[in-house]
Amino acid sequence: MTNQDILRPQDRPDIATWIPLSFQHVFAMFGATVLVPLLTGLNPATALFTAGTGTLLFILCTGAKVPAFLGSSFSFIAPLIAVSATYGLSYALGAAMVTGLFYCLIAAIVRFTGTGWLDKVLPPVVIGSVIVVIGLFLAPTAMGMAMNDAQGNYSLVCLSIAVVTLCITIAANIFLKGFFSAIPVLIGLIGGYVFTWIMGLIFPAYAIINFQIVQDAAWFGFPRFHMPSFSIVPILIFIIVSFATICEHLGDMLVTSKIVGQDFYKDPGLHRTLTGDGIASAWAALWGGPPNTTYSENVGVMAITRVYSVWVIGGAAVIAVFLSLFTKFGAIIQTIPTPVLGGVSILLFGIIASSGLRTIVESGVDYKDKRNLIITSVILVIGIGGGRLAFNITQDLQFELAGIALATLVGIILNLVIPATKKPE
């Protein structure tokens with residue numbers, strides 16, 4: 001198959017072509033998919049399992065019409081960390097499950113009313129500002145991982161590992177061409193890992209990779225079902241943040257439609273793609289994995305290869321599931337040093353913030369308009385500054401909204417309350 005060939009969504013390639021094309025998508029999603037659980041204390045193998053099975057559920061929900069791979073969502077890193085620290089991991093997973101079902105509710109509303117109300121409630125000035133907050137809110141986490149050792153003390157060795165990893169990731173992103181330009185995160189992780197391993201061989205005092213976990217792991221295993229717990233406050237936090245990820249889904253479907261040349265908003269319909277995304281996220285939380293989202297990395301692979309086959313995406317999902325059942329492979333992932341993750345995260349979290357700026361710029365938000373200036377300013381300060389709203393509902397139950405969730409809610413309220421500026425005729 002040449003680069004000029006096109007596989008449409010319903011086309012099934014021959015097996016000799018099918019397998020390598022599917023592996024391409026596995027490589028594209030792999031780095032980001034395993035990074036989210038590593039940052040939030042979840043199991044990377046479980047995340048691979050839920051990404052693969054979630055993608056298959058998405059394909060089923062959309063009638064096998066939309067070529068989209070679903071993986072771990074970066075937008076939920078902050079609420080996962082915050083809720084887990086305050087309430088416990090099971091409550092974060094319970095909130096993620098309810099959020100997936102909330103997607104289905106929004107899908108039902110979209111089915112009967114269209115998307116006009118979403119555009120009114122969440123215009124680019126709100127969504128772009130919230131995305132900036134999501135990226136910058138995570139910045140201290142990235143720098144802590146890059147600079148501190150296992151005891152939380154500043155370490156020049158750790159910083160050097162993070163810098164090397166960051167440089168490799170940036171170089172891969174800028175200089176590599178074709179398929180390899182779509183997997184700079186994976187290349188950065190591998191490069192930083194190898195650098196750390198070599199440094200440990202030359203200077204044994206700085207050997208921080210421990211392979212004991214790999215030796216102790218069984219060859220094969222099955223992800224463990226994780227019983228979620230439910231509480232109103234964590235659920236509200238996740239649902240508020242999900243408004244930003246729903247708009248991210250709308251953007252991904254629009255971009256995918258343009259690349260493939262088919263209007264997925266109409267066929268199979270945005271309500272079905274949202275339902276698939278929501279069911280996949282609820283399913284992931286049930287197994288102890290992070291919420292899923294459609295992956296831009298895999299959209300990039302489709303744009304490069306001109307291969308849009310749902311069969312290829314489904315093959316990648318099956319491969320991800322097989323890798324998740326290979327327990328020693330999951331143990332190897334867990335040996336990735338924290339400063340290596342920190343180096344990659346510096347770029348990734350910055351890109352999240354930058355994508356928010358891109359949303360604002362490309363949407364033509366006018367900051368000469370005081371209304372837009374006020375909305376963005378308040379969202380940024382509340383979100384990045386650690387704004388917090390807390391009060392007791394009962395003696396044993398406290399309501400609390402903080403950070404991204406509070407900033408999103410305030411942004412939505414300001415957008416609805418502040419009157420639109422009348423343009424001169």
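Presented here is an overview of the structure given in this document. (Residues numbered from 1 in each chain as written. Predicted model: local features only at pLDDT ≥ 70, side-chain atom pairs only at ≥ 80, totals over all residues. Heavy atoms only, no water.)

**Describing the state of the cysteines**
The cut-off we apply is this: Cysteine sulfur atoms are paired as a disulfide whenever they fall within 2.5 Å.
According to the stated counting rule, one finds zero disulfides in the structure shown. No disulfide involves C158; its nearest neighbouring cysteine sulfur is the one of C167, lying 16 Å away.

**Notes on the side chain of N415**
Note the cut-off: A run of H or I in DSSP becomes a helix once it reaches four residues, and a run of E becomes a strand once it reaches two; helices and strands are each numbered from the N terminus. What qualifies as a polar contact is a pair of N or O atoms within 3.5 Å, subject to a donor-acceptor requirement within protein and to the restriction that residues adjacent in sequence count only when both atoms come from side chains. Any two residues whose heavy atoms approach within 4.5 Å are treated as being in contact.
If you trace the backbone, N415 turns up in helix α18 (residues 403–417). Here the side chain of N415 touches V121 through a polar contact of 3.5 Å, landing on its backbone oxygen. Residue contacts for N415: discarding those within four places in its chain leaves K120, V121, P123, V126, R371 and I375.

**Some points on the nonpolar core**
Applicable threshold: We call a set of buried residues a nonpolar core when its members are Ala, Val, Leu, Ile, Met, Phe, Trp, Tyr or Cys and they connect through side-chain atoms within 4.5 Å of each other. Accessible area is worked out with a 1.4 Å probe on protein chains only. A residue is then buried under 20% of its type maximum, exposed over 50%, and partly exposed in between.
Counting 101 residues, the largest nonpolar core has F69, F74, L122, V126, F238, L274 and F349 as the members making the most contacts within it. Top contributing element to this core by residue count: helix α11 (residues 232–260), with 14 residues.

**A short note on the pattern of salt bridges**
When their charged atoms lie close together, side chains carrying opposite charge are able to pair. For clarity, the threshold we go by: For this document, the term salt bridge refers to a Lys or Arg side-chain nitrogen within 4 Å of an Asp or Glu carboxyl oxygen.
The tally for this structure, following the rule as stated, stands at two salt bridges. With a shortest N-O distance of 2.9 Å, D267 and K65 are connected by a salt bridge. Of this pair, D267 sits in helix α12 (residues 265–287) while K65 sits in the loop between α2 (44–61) and β1 (70–72), placing them 202 residues apart in sequence. A salt bridge links E362 to R358; the nearest nitrogen and oxygen atoms lie 2.8 Å apart. Note that E362 and R358 are positioned in helix α16 (residues 338–362) at a spacing of four residues, about one turn of the helix.

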